[in-house]
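Residue-level listing of the chains:
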Amino acid sequence: MIEHQTTPGWTAVEDFLSDVVVRPDSALKNAVTAALEAGMPPIEVAPNAGKLLKLLVQLSGARRVLEIGTLAGFSTIWMAQGLPDGGRLVTCEYLPKHAGVARANVDAAGLGARVEIRVGAALDTLGALEAEGAEPFDFVFIDADKENDAHYLDWAIRLGRPGTTVVMDNVVWEGAVLDPSLDTVNAPGIVSALRMMGEDPRLDATVIQTVGTKGWDGFALALVR
Ligand code: SAH
Ligand code: DHB
Ligand code: MG
């Protein structure tokens, strides 16, 4: 990712809000520690964003969640904590090492029975889910390789249903969406997904810009019509 432009004010306020309002439990805190100890990049969603995912899962009444990009399972745990009994979450991760750390973190959080981690390129896994006739997903969180964001958005619609909620992370990318030369790998993929959110008649969407511990970024929220 390109250089962060955080200010001490943003990060200090976010830490305060996380401590006072968000209050991640010990399983979530341990998941972050385990990821750091395993040498994984610290790119999980911030606690306030993770809590937002959990609340959106609850608000939408989702029983089946699809995640694209697991890392160490931090966002996975947040969303799985929002599922009702009998709910199910399928998460896609390319790197076996990441999937292994995530498996341990999810199991330690007591959520092992409701979370399935599929290792491989997400586009392959998504195709396999369709071929298997997987039941529609109610909620989809897209947070993997940004190059494929528009493809993942299309898959979210195909594997969803009218009324499915879609959240996409990292859609501002330090402003690179206005100057793709800042990141020629990721920015064009993000911009394609944003254009699709605005133009595709199957979607109704908005984007919220964010600042905080993860720098300047944003998340998109879309409803499948
Ligand atoms: N959602 C996580 C963070 C995910 S970071 C959280 O907030 O806690 C992005 C992850 O996507 C990384 O673990 C990376 O290995 C994985 N990834 C990258 N390309 C991928 C692909 N093509 N298919 C599946 N996973 C991929
Ligand atoms: C990166 C990926 C993410 O999903 C994120 O939230 C932050 C950074 C990255 O690849 O740098
Ligand atoms: Mg992300």
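Anything mentioned here points back to the structure above.
Treat the numbers as computed from the prediction; the structure is a model and nothing was measured.

A. Geometry of the pattern of salt bridges. Inspection of the entire model under this criterion finds 13 salt bridges. Close ionic contact of D85 with R114 constitutes a salt bridge, the shortest N to O distance being 3.5 Å. Residue D85 is found in the loop between α4 (74-81) and β2 (88-93), and its partner R114 is found in the loop between α5 (96-108) and β3 (115-119); the two are separated by 29 residues along the sequence. Its relative accessible area of 66% is what places D85 among the exposed residues. According to the relative accessible area criterion, R114 is buried, its value standing at 17%. Across the salt bridge formed by D154 and R202, the nearest N and O atoms sit 2.9 Å from each other. A residue pair is termed long-range when its members are at least 10 positions apart, and D154 in helix α7 (residues 149-158) and R202 in the loop between α8 (187-199) and β6 (203-212) qualify at 48 residues.

B. Examining unusual backbone geometry more closely. One non-glycine residue, L71, adopts positive backbone phi at about 55°. The residue L71 is located in the loop between β1 (64-68) and α4 in this model. Of note in this structure, E174 is not a glycine but carries a positive phi near 60°. Within the secondary structure, E174 is located in the loop between β5 (165-168) and α8. Using a relative accessible area of 2% as the deciding quantity, one classes E174 as buried.

C. Focus on the site of ligand 2. Near ligand 2 there are seven residues, and of these I43, D143, K146, D169 and N170 occur at the shortest range. Between ligand 2 and I43, the relevant distance is 3.2 Å, taken from an oxygen atom to a main-chain nitrogen or oxygen of the residue. Between ligand 2 and the protein, one listed contact pairs an oxygen atom with a side-chain N or O atom of K146 at 3.0 Å. When ligand 2 is considered free in solution it has 290 Å² of accessible area, and contact with the protein chains removes 77% of it. Of the residues contributing to the shell around ligand 2, the split by class is three nonpolar, one polar and three charged.

D. How the structure looks around a nonpolar patch on the surface. A grouping of V13, F16, L17, V20 and V21 is seen on the molecular surface, where their side chains present a nonpolar patch of about 450 Å² in accessible area. Tracing the backbone through its elements, the reader meets V20 in helix α1 (residues 8-22). Using a relative accessible area of 47% as the deciding quantity, one classes V20 as partly exposed.

E. Focus on the environment of D149. Tracing the backbone through its elements, the reader meets D149 in helix α7. Sequence separation between D149 and E199 is 50 residues, and the spatial gap between their C-alpha atoms is 15 Å. The contacts of D149, once residues within four sequence positions are left out, are I142, M168, G189, I190 and A193.

F. Molecular detail of the site of ligand 1. Close contacts around ligand 1 come from 22 residues, with G69, S75, E93, H98 and D143 the closest. A distance of 2.6 Å separates an oxygen atom of ligand 1 from a polar atom in the side chain of E93. At a separation of 3.3 Å, a nitrogen atom of ligand 1 approaches a polar side-chain atom of D145. At the level of elements, α4 and β2 are the ones that each hand at least two residues to the shell around ligand 1. By residue class, the composition of the shell around ligand 1 is twelve nonpolar, five polar and five charged.

G. Local environment of the pairing of β2. By the criterion of burial, β2 is predominantly enclosed, with five of the six residues buried. Bridge count between β1 and β2: five bridges; the pairing is parallel. Along β2, the bridge assignment pairs V65 with L89. Handedness of the crossover joining β1 and β2 through α4 is recorded here as right-handed.

H. Summary view of the packing of aromatic side chains. Here the structure, examined in full by the defined rule, presents one aromatic pair. An angle of 90° between the planes, with centres 6.3 Å apart, marks the rings of F74 and W78 as edge-to-face. Of this pair, F74 and W78 both sit in helix α4, four residues apart, which is roughly one turn of that helix. We note that F74, like W78, is buried. The ring of F137 has R64 lying over it, and the distance from NZ or CZ to the ring centre is 4.5 Å. When the ring centre of W155 is taken as reference, the NZ or CZ atom of R158 above it lies at 4.0 Å.

Cut-offs used in this document
- Residues numbered from 1 in each chain as written.
- Chains lettered and ligands numbered in written order.
- Predicted model: local features only at pLDDT ≥ 70, side-chain atom pairs only at ≥ 80, totals over all residues.
- Heavy atoms only, no water.
- Salt bridge = Lys/Arg side-chain N within 4 Å of Asp/Glu carboxyl O.
- Helix = DSSP H or I, 4+ residues; strand = E, 2+ residues; numbered from the N terminus.
- Buried < 20%, exposed > 50% of the residue type's maximum accessible area, 1.4 Å probe, protein only.
- Near = heavy atom within 4 Å.
- Polar contact = N/O pair within 3.5 Å; in protein donor to acceptor, adjacent residues only side chain to side chain.
- Areas by Shrake-Rupley, 256 points an atom, 1.4 Å probe, with all protein chains shown as cover.
- Nonpolar A, V, L, I, M, F, W, Y, C, P; charged D, E, K, R; others polar.
- Patch = residues over 30% accessible without salt bridge, like charges linked within 9 Å, V, L, I, M, F, W, Y side chains within 5 Å.
- Contact = heavy atoms within 4.5 Å.
- Pairing = 2+ DSSP bridges.
- Right-handed = clockwise from strand over helix to strand, strands pointing away.
- Phe/Tyr/Trp six-rings, centres within 6.5 Å; stacked < 30°, edge-to-face > 60°.
- Lys NZ or Arg CZ within 6 Å of the ring centre and 35° of its normal.

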